[in-house]
Amino acid sequence: MSSAQSRYHEVYAGWQSDPVRFWEEAAREIDWIKPAEKVFDSQAGIYGRWFAGAECNTCYNAVDRHVATRGEQAAIIYDSPVTNTKRSITYAELRDEVATLAAVLQDMGVAKGDRVVIYMPMIPETSFAMLACARIGAIHSVVFGGFAAKELATRIDDAKPKIILSASCGVEGARVIPYKPLLDEAIALSSSKPEACLVFQRPQLACALDEGRDRDWASAVDAARAEGRRAECVPVAATDPLYVLYTSGTTGIPKGVVRDNGGHMVALKWSMGHFFGVEPGEVFWAASDVGWVVGHSYIVYGPLLHGCTAILYEGKPVGTPDAGAYWRVISDHGVVTLFTAPTAFRAIKKEDPKAELLKQYDLSSFRALFLAGERADPDTVKWAEDILQVPVIDHWWQTETGWPVAGNPLGLGALPVKHGSPTVPMPGYTLDVLDEGGRSVGPNTMGAIVIKLPLPPGALPTLWQADQRFRESYLSVYPGYYNTSDAGYLDEDGYIWVMGRTDDIINVAGHRLSTGGMEEVLASHQAVAECAVIGVKDALKGEVPCGFVVLKSGIDRLPEEIEAELVGLVREKIGPVAAFKLAITVARLPKTRSGKILRGTMKKIADGDPWSTPATIDDPMILSEIGDALKARGLSG
Ligand code: COA
Ligand code: AMP
C-alpha cells in the first residue's frame, strides 16, 4: 500500500491538532463508571494526568462487559505443548473464575490499593490472578519466572505486597522448574514479609505448603465457589495504579513502572483496532510471557479489552516439539495476528531455514506478524516476509510506554516498509532526536530519541513511590521531553530508526537486562577486584552478556575456576534469564585517564566492528590485551 492509501497521516495530524479531543473520542470505547472531569489535567501528577476524576474498572471492561454479547466466545485459549494441554475459557467462564478468585483475595484481606506479587508461569491462573486484582482495585506486580530469588526479593521489598500468588512449578521445555524454593528463599531474603501466599499446585510437581503462611489455591477457590461467593468490580479512579511492573534500570535496583487504569484501557483498546488491525472476536496471539510488558498489554489486557480471543502459549518457538510450533498454534486456533520478538524467528530460521514445517499447516487465517522487544534486523524481517507472505511489522516501544511508540499501523492502512525501521510515531507521540546539548539534530543524524511531554494515555505516570527517580531517570536530561534512552535517527520521511541504547541496558533474546546489575554481582565475588559487563552480538539472542574481570592480587586460584563461579553467581543472583555464560579474566581493564571504563570500545572489539583508540585512553595497550582475551575464547577480537 502506498502512503496515500493509508489513513495514518490524516489521523496523526488530527491528534496533533487536538490531542484532548482525540483521546476523548478514543475513551468512548471504554465503559466508565464516572466520566472524566478533565480528559487531561496538566496540573496533576508529574507531567499531567489523563482522565482525571474518572472512575472505572479494568476487569469490568476486559471481562464482564463482554459476557452479554460474547459470553460463549473463548476469551483465553491456553495451549501448552510442554504439558500437552489445551484449554479454552469462555468470557462467561472467565468472569466466574476471576470473580471467585477475587473473592478469595478479599478473604485473605486484600483491598483496594494493596499490592499483590504474582510469581507464576504461563498458565490461565496467572491471567485470572491479574484480572482478579484489577477487579478489586488491588495493584498487581508480576515477576517473571526466570528471575532468581534475590531479584524476586528486591521486588517484594519495593512493592511490599500484602500477599503473593505463586505456583508449584514452571515448565521450561523438557525441564520442570520448582518455583516454591525460589519463593521461600525470596521471602526469607526480603525485609517486607507478605501476610500470606496462595499457591497453585501444578500436576507436574507439587510442593509442600508452609502451614502458617501458605494456602492451597484450588481448595480456596473451590470453597469460595461452593459458597457462591464472587467479588464485584470495585470502582477505582482512572488515575489509580492497575499494576507495577519492574524493569531493568541502570543499577541493580529495578524500576517499578506504574500503569494506571483509565489511560491504559483507552490506549490499549485504540491500539488493538487501529494499530494491530484486529477486530473483536478474532484470535490474537502474543508469544511472550506475562512477566514482561508485552504479556501484560497483549496477552492479557489488550485482547480482552477488545473482545478478542487471547492465546496463552506455554512453550517455545523451537523444541516444543519443533520449529513448526508457531505454525501449529496459528492453524489450530485460527490466529489472525502473531506478536513475538525477532529472536524467536531467528531461532525458527536456524532450525528450519527453508520453513519446511510450514507446509504441514493451514495458515489461511493468518494476516500479520508483529515484531518488537529488540531491533528487528532486516534479514530476519525479510525471511519472515518471504515464508509467510503477510505483512511483517516491526514496532518499537518500552515497558515504560506500555504500547507502541512507533510502528506501521496496519489498522489505519500500512505505510511502505523500510526494513530496519519501525516506521512512524503513533498518535500520542511526538518524537525528536537530540544531541548532547539537547538540540534537535535534523534528519538522518544519530542522537538521543526523545518523546515530547506529555506522554500519552497508557504510558507511565511515575515510578512506584519514586517520583524523584522518575524525574531523574527520564525527564531531567532533556527538559520538556521524556528520554527513551534509545539512540537512533529520524529520516527524511519521518521514519524512526532505533539503533541501540544509550545506557547500560542490553537486550538478550528480547529480554531487557542491566549490565550494571550483573557487574554488581561479579564485584561481590571475593576474588574480583574490578569488572565490566558488555553485551556482545549474538546470532540468535541479538546480544549476550560478556563479563571481564580483574582478579585481586594474591589470588592463588585457577582463573577458569573463578570464572565458572561467576557464571553460577549471576545465575543464582539474577537468574537464568540473564544468559550469562561468559566470564573472562584479564590483567587490567581499558580506562580513560579519569578512570572511566571504556565499555563502548570493548564492545566494538568484541563485535568485530571498526573501532579507534579513544583520545582519552590511559594505556592503549590494554585494548589489544582485551582483543587477545576475546580471540582466545573464539570471539571476534
Ligand atoms: N522460568 C524459568 N526459567 C526460565 C524462564 C521461566 N519463565 N524463561 C526462561 N528461562 C530460562 C531458560 O530455561 C534458559 O535457561 P538455561 O540457561 O538453563 O537454558 C534461560 O532462562 C535463558 O532463557 P531464554 O533467553 O529464553 O533462552 P532459551 O535458550 O531458553 O530460548 C529463545 C531462546 C530465542 C527460543 C527464547 O528466548 C524465546 O522464545 N524468545 C521469545 C521472545 C520472547 O519471549 N521475548 C519476550 C519479550 S517480547
Ligand atoms: P522492554 O522495556 O523490555 O520492552 O525493552 C525496551 C527496549 O527494547 C527499548 O528501549 C529498545 O531498546 C528495545 N526495543 C524494543 N522494541 C524495539 C524495536 N522494534 N526496535 C529497536 N529496539 C527495540
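Residues numbered from 1 in each chain as written. Chains lettered and ligands numbered in written order. Predicted model: local features only at pLDDT ≥ 70, side-chain atom pairs only at ≥ 80, totals over all residues. Heavy atoms only, no water.

Peer 1: Help me understand the pairing of strand 28 (residues 511-514) in this model?
Peer 2: Regular strands show a simple pattern: their side chains alternate between the two faces of the sheet. Burial along strand 28 is two-sided: His-511 and Leu-513 and Arg-512 and Ser-514, pointing in opposite directions, are all buried. Of the strand pairs in this sheet, strand 27 (residues 505-508) and strand 28 are connected by 4 bridges, and their pairing is antiparallel. The residue of strand 28 that forms the bridge with Ile-505 is Ser-514. (Buried < 20%, exposed > 50% of the residue type's maximum accessible area, 1.4 Å probe, protein only. Helix = DSSP H or I, 4+ residues; strand = E, 2+ residues; numbered from the N terminus. Pairing = 2+ DSSP bridges.)

Peer 1: I'm lost on the pattern of salt bridges in this one. Help?
Peer 2: Where charged atoms from two side chains of opposite charge come close, those side chains can pair. Per the counting criterion, the structure on display carries 45 salt bridges. Taking the shortest distance from any N to any O, the salt bridge between Glu-572 and Lys-573 comes out at 3.6 Å. Residue Glu-572 is classed as partly exposed on the basis of its relative accessible area, which comes to 47%. If you follow the salt bridges from partner to partner, you end up with Arg-87, Asp-96, Glu-97, Glu-125, Arg-225 and Arg-230 in one network. (Salt bridge = Lys/Arg side-chain N within 4 Å of Asp/Glu carboxyl O.)

Peer 1: Just checking my understanding: could you explain the packing of helix 4 (residues 91-107) against helix 8 (residues 217-226) for this structure?
Peer 2: Packed helices, taken two at a time, are described by their axes: the angle between them and the distance between them. Two elements in contact, helix 4 and helix 8, have axes whose closest approach is 9 Å; the angle formed by their N-to-C orientations is 100°. When the axes of helix 4 and helix 8 are compared, the pair comes out roughly perpendicular. Between helix 4 and helix 8, the contacting residues are Asp-96, Glu-97, Thr-100, Leu-101 and Val-104 on the first element and Trp-217, Ala-220, Val-221, Ala-224 and Arg-225 on the second. Split into classes, the residues belonging to the contact of helix 4 with helix 8 amount to 6 nonpolar, 1 polar and 3 charged. (Axes fitted to C-alpha atoms, helices over the stretch in contact; angles between N-to-C directions. Parallel < 35°, antiparallel > 145°, perpendicular 65-115°, else oblique. Contact = heavy atoms within 4.5 Å. Nonpolar A, V, L, I, M, F, W, Y, C, P; charged D, E, K, R; others polar.)

Peer 1: Looking at this structure, how should I read the sheet that holds strand 24 (residues 447-452)?
Peer 2: Paired through their backbone hydrogen bonds, the strands of a sheet run either parallel or antiparallel. Ordered in space as 23-24-25-26, the 4 strands form an open sheet in which the pairing is antiparallel. Pairing within the sheet leaves two strands with one partner each, and these edge strands are strand 23 (431-434) and strand 26 (496-501). Ignoring which end each strand starts from, the neighbouring axes of this sheet average 50° apart. Across 5 bridges, the pairing between strand 25 (residues 481-490) and strand 26 is antiparallel.

Peer 1: Quick question: what am I supposed to make of the packing of helix 3 (residues 58-70) against helix 10 (residues 293-305) here?
Peer 2: Close contact between helix 3 and helix 10 brings their axes to 8 Å; oriented N to C, the two are set at 55°. When the interaxial angle is binned, helix 3 and helix 10 end up oblique. When you trace helix 3 past helix 10, the crossing you get is left-handed. Along the contact surface, helix 3 presents Thr-58, Asn-61, Ala-62, Arg-65 and His-66, while helix 10 presents Tyr-301, Leu-304 and Leu-305. In the contact of helix 3 with helix 10, the residues fall into 4 nonpolar, 3 polar and 1 charged. (Left-handed = near helix turned anticlockwise from the far one by under 90°.)

Peer 1: Even after reading the chapter, I still don't get the site of ligand 2, so can you show me in this structure?
Peer 2: Surveying the vicinity of ligand 2 reveals 15 residues, the closest of which are His-395, Thr-399, Asp-486, Arg-501 and Arg-512. In this structure, His-395 approaches ligand 2 through a main-chain N or O atom, which is 2.7 Å from a nitrogen atom. The separation between an oxygen atom of ligand 2 and a polar side-chain atom of Thr-399 is 2.5 Å. Summarising the interface, the protein chains cover 92% of the accessible area of ligand 2, which totals 490 Å² for the free molecule. (Near = heavy atom within 4 Å. Polar contact = N/O pair within 3.5 Å; in protein donor to acceptor, adjacent residues only side chain to side chain. Areas by Shrake-Rupley, 256 points an atom, 1.4 Å probe, with all protein chains shown as cover.)

Peer 1: What am I meant to see in the packing of aromatic side chains here?
Peer 2: Remark: the centre distance and the inter-plane angle together describe each pair of aromatic rings, the angle taken between the planes. For the coordinates displayed, the defined rule picks out 37 aromatic pairs. Ring geometry for Tyr-12 against Trp-15: centres 5.2 Å apart, planes inclined by 50°, an arrangement best described as tilted. Remark: Trp-15 and Tyr-12 occur in helix 1 (residues 8-17); sequence separation between them is 3 residues, near one turn of the helix. A residue is classified by how much of its surface remains accessible, and Tyr-12, at 11% relative accessible area, is buried. Judged by centre distance (6.4 Å) and plane angle (40°), the ring pair of Tyr-47 and Phe-470 falls under tilted. With Tyr-47 in the loop between strand 1 (38-41) and strand 2 (49-52) and Phe-470 in helix 14 (residues 467-475), this residue pair connects regions lying 423 residues apart in the sequence. Across the pair, Phe-470 and Tyr-47 agree in class, each one buried. An aromatic cluster of at least three residues, connected via ring pairs, comprises Phe-22, Trp-23, Trp-32, Phe-40, Trp-50, Phe-51, Trp-270, Trp-403 and Tyr-429. For the cation-ring pair, Arg-155 lies above Phe-147, with the distance from its terminal atom to the ring centre recorded as 4.5 Å. Here the guanidinium or amino end of Lys-418 rests over the ring plane of Tyr-495, the centre of that ring lying 4.5 Å away. (Phe/Tyr/Trp six-rings, centres within 6.5 Å; stacked < 30°, edge-to-face > 60°. Lys NZ or Arg CZ within 6 Å of the ring centre and 35° of its normal.)

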